[in-house]
Amino acid sequence: MRLVDFLDNSSALFCSEAFKAKFIDLDNNISLSYPEMVNVSINLAAILAKKGVKPADVVATYSPNSVATYCCIFAISRLGAVWLPLNTKNTVDSNLKLIRLSNANFLFFEKDIYKKVSSSLNGFNLVDVAFLEKNKIAGVSFSALKQPAEEIFRSKRNFSTEEKYDSVSSSPEQNMLISLFPTGGTTGDSKLAEWRGNTWEAIVGIQKRKMKITDIPSCYLISVAMTHASGIGSFATILEGGSIVVMDGFSSEKILFAIQKYKVTTLFLPPTAIYTLLDYEDIKAYDYSSLRYFWYAAAPMSIDKLKVAISIFGPVMVQTYGQAEAPMICTFLSAKDHLKALNKNDDSVLGSCGKASPGVEIAVLDESGNPLPFGFKGEVAIKGRLLMGGYYNNIEATASIRLNGWQLTGDIGVFDEEGFLSLIDRKGDMIITGGFNVYPSEIEQFIWGMPDIKDCAVIGTPHEKWGEQVTAVIELKKNGNALSEDEIIKLCKNQLGSVKAPKKIIMVDKLPKSGVGKVLKRDLRARFWKNEVRKI
C-alpha cells in the first residue's frame, strides 16, 4: 500500500455524499477538492520525474504544516519514491543529519527554511530541490497543477477498506519501502525506521476498526507537526473521504475555533499541547459537539488533567501507544474505557494506555526474554504487521531490539488482569538511588496534580551518598503561584514515601521539548552529569 493509494481509493472520489470533502489550508487560504488533489499530485510527480527523481529514491519534505506538503507527499508516493518527513521544530543540524543518514537526493523546501540551510547543503547527494511557496510548488501555480493530468501516474490499484491488517504479506507492494520515519531522539541521535506497505496498511486498518465515524461527515484537524502522529493519523480519514483541515503554529484560539467552524470530528494532540488548551481562559466558549475522537499519545498524561479534558470536550478522549519502531497505535484506550473508568473512579485504567490493538500482540518480558504474567513489571515487547521493517541501513541496531521474535520497546510496563497495559517508564529513565529502583512517571503523575503546575520531569542527578538523587524539574502555569519547594517535597513524601520523594526541586521557565512535545530528559540530565565520569 502506497500513501497515494489512500487518496486514489478515497470515498471522496466515488461517493456522492463525500464529494464536498476538501483539503483546507487555514494559513495559506488554499482549498483543494479530492479530484484536484489527485491532479496536483500527478502533475507534480511528472515534474519530479523530469528533475531526475526515480522510484525508490528518498525525497524529503522540509516544510511547515500545509496542504502543499500533502501535495508533495502524494507526488513522492505516486512516483514510487520514499518519503522522509523533516520536522521544522527540529534544529537545522538534526535535520541535516537525517538528510545525510537517509541519502536523500531530492528535497522539497519551504523557501524561508531553504535560505537558512542552503549554505550547509554542500556535499549532499542532491539531484535538485524544489520550493513550496504560498501559491506555488516547484515554481508552478496551484491553478496550473490542478489541471487534468496524464494517466501515466494514476494509481492502478483498487484498495478494499476491509483488507486484513493482522497478517504480514509477502507481496512486493506491501513490502515496498514507503517512508523513513525518524525516531524520537529523546535519548540520543535519531535513527530512521523503515515503514513499508504493511506498516501503513496496519495503521489505517486499526483506525478504521477502532475509530469509525458513521453519523456525520468526517473532518480531521492537524494543528501540530504533520510529520509525526498528527499527520500519520490523517490517512484513515483520507481513505474514508473526510475533509482535512491544516494549520501551522499552535494556537489554542485557532484550534478551538476550527473545531467549531469546520465541525471537526477527529484531532490528535500530545498531552503537553492539551495542557495548553486547558489553560486557555475561553475554552468553554466553543461548541465541541462534532468531536468524536480527541486522540492523545506520545507521552504520559496527567490523570487529573485528563479528567478536566473529559469534562470540557465530552466522552471523546482516546489514547494509543506506539513509537517510530512500532507506530502509533499498538494499544487503544477507547472513549468507553475512559468513561467506564471515570465512573468507577478507576485511576489505574485512566493511567493506562489501553489494550492491544487488533492484529497486535504485546508481552511484558523479563530480562531473559520470557513473558511475565499480569502484575509483574518488565520490558514491553511487540509483534504484528505494523512493526517497522528495521532501522534504515543499520542491521546491528535492528538486531539489538529483536529477541525471540519480539521487538523490544525500551519501555517498562505491566498488565492488569483485564489486559490494560500501564507504562511505568522508559528503561533508561529509571533512577537508582541508595540501591532502590525508582520510576519517575509515578512521581510526575503526582506532581502534575498539584495547583499551578503545567508540566514536570523527574530525573536522577548525582549524589555522593546515594549515587543518584530524585530531582523534580517543574514548569509553572503562566502567572502560577505554586507551592514552595519544601511543601512539594513534603506532599510527595507523605504520598509516595521517602525513597521516591524528590530531594531537590528546580523551577524552570520552560522545559526543553522535542519537536513533537516530548520532554528532552537527556538535556536536563546533561546539566548535572557533564562533569561526572559515571552517568548513573
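What counts, and at which threshold
- Residues numbered from 1 in each chain as written.
- Predicted model: local features only at pLDDT ≥ 70, side-chain atom pairs only at ≥ 80, totals over all residues.
- Heavy atoms only, no water.
- Patch = residues over 30% accessible without salt bridge, like charges linked within 9 Å, V, L, I, M, F, W, Y side chains within 5 Å.
- Areas by Shrake-Rupley, 256 points an atom, 1.4 Å probe, with all protein chains shown as cover.
- Salt bridge = Lys/Arg side-chain N within 4 Å of Asp/Glu carboxyl O.
- Lys, Arg positive; Asp, Glu negative; His and termini not counted.
- Charge placed at Lys NZ, Arg CZ, Asp CG, Glu CD.
- Helix = DSSP H or I, 4+ residues; strand = E, 2+ residues; numbered from the N terminus.
- Pairing = 2+ DSSP bridges.
- Axes fitted to C-alpha atoms, helices over the stretch in contact; angles between N-to-C directions.
- pLDDT = per-residue confidence, 0-100.
- Contact = heavy atoms within 4.5 Å.
- Core = buried A, V, L, I, M, F, W, Y, C linked by side-chain atoms within 4.5 Å.
- Buried < 20%, exposed > 50% of the residue type's maximum accessible area, 1.4 Å probe, protein only.
- Right-handed = clockwise from strand over helix to strand, strands pointing away.

Remarks on a positive patch on the surface
Point 1. A contiguous patch of positive charge, built from Arg-209, Lys-210, Lys-212, Lys-340, Lys-344 and Lys-355, is present on the exposed surface.
Point 2. Here Lys-344 is to be found in the loop between helix 13 (335-343) and helix 14 (347-350).

Some details on the sheet that holds strand 27 (residues 504-508)
Point 1. The strand order 25-26-27 describes an open sheet built from three strands, whose pairing is mixed. Only two strands of the sheet have a single neighbouring strand rather than two, namely strand 25 (453-463) and strand 27. If you compare each strand with its neighbour and ignore which way they point, the axes differ by 25° on average.
Point 2. Pairing analysis gives five bridges linking strand 26 (residues 467-476) to strand 27, with the strands arranged parallel.

Considering the confidence of the model for the protein
Point 1. Scored by pLDDT, the protein comes out at a mean of 89, with 93% of its residues at no less than 70.
Point 2. A low-confidence stretch, residues 161-169 (pLDDT under 50), is modelled with 24 contacts involving residues beyond four sequence positions or located in other chains.

Remarks on the nonpolar core
Point 1. Core analysis: the largest hydrophobic core is formed by 147 residues, its most contacted members being Phe-23, Tyr-70, Phe-108, Phe-235, Phe-294, Phe-313 and Ile-447.
Point 2. By residue number, the principal contributor to this core is helix 3 (residues 67-79), which donates ten residues.
Point 3. Leu-96, Ile-99, Leu-180 and Leu-192 belong to the second largest nonpolar core, which has 21 residues in total.

Brief notes about the pairing of strand 13 (residues 266-269)
Side-chain positions along a regular strand alternate between the two faces of the sheet.
Point 1. Burial of the side chains of strand 13 extends over both faces: Thr-266 and Phe-268 are buried on one face and Leu-267 and Leu-269 on the other.
Point 2. The pairing of strand 11 (residues 219-222) with strand 13 spans two bridges and is classified as parallel. Bridge pairing in strand 13 places Tyr-220 opposite Thr-266.
Point 3. After leaving strand 13, the chain enters helix 11 (residues 271-278) and then returns to the sheet as strand 14 (residues 293-296), a path that is right-handed.

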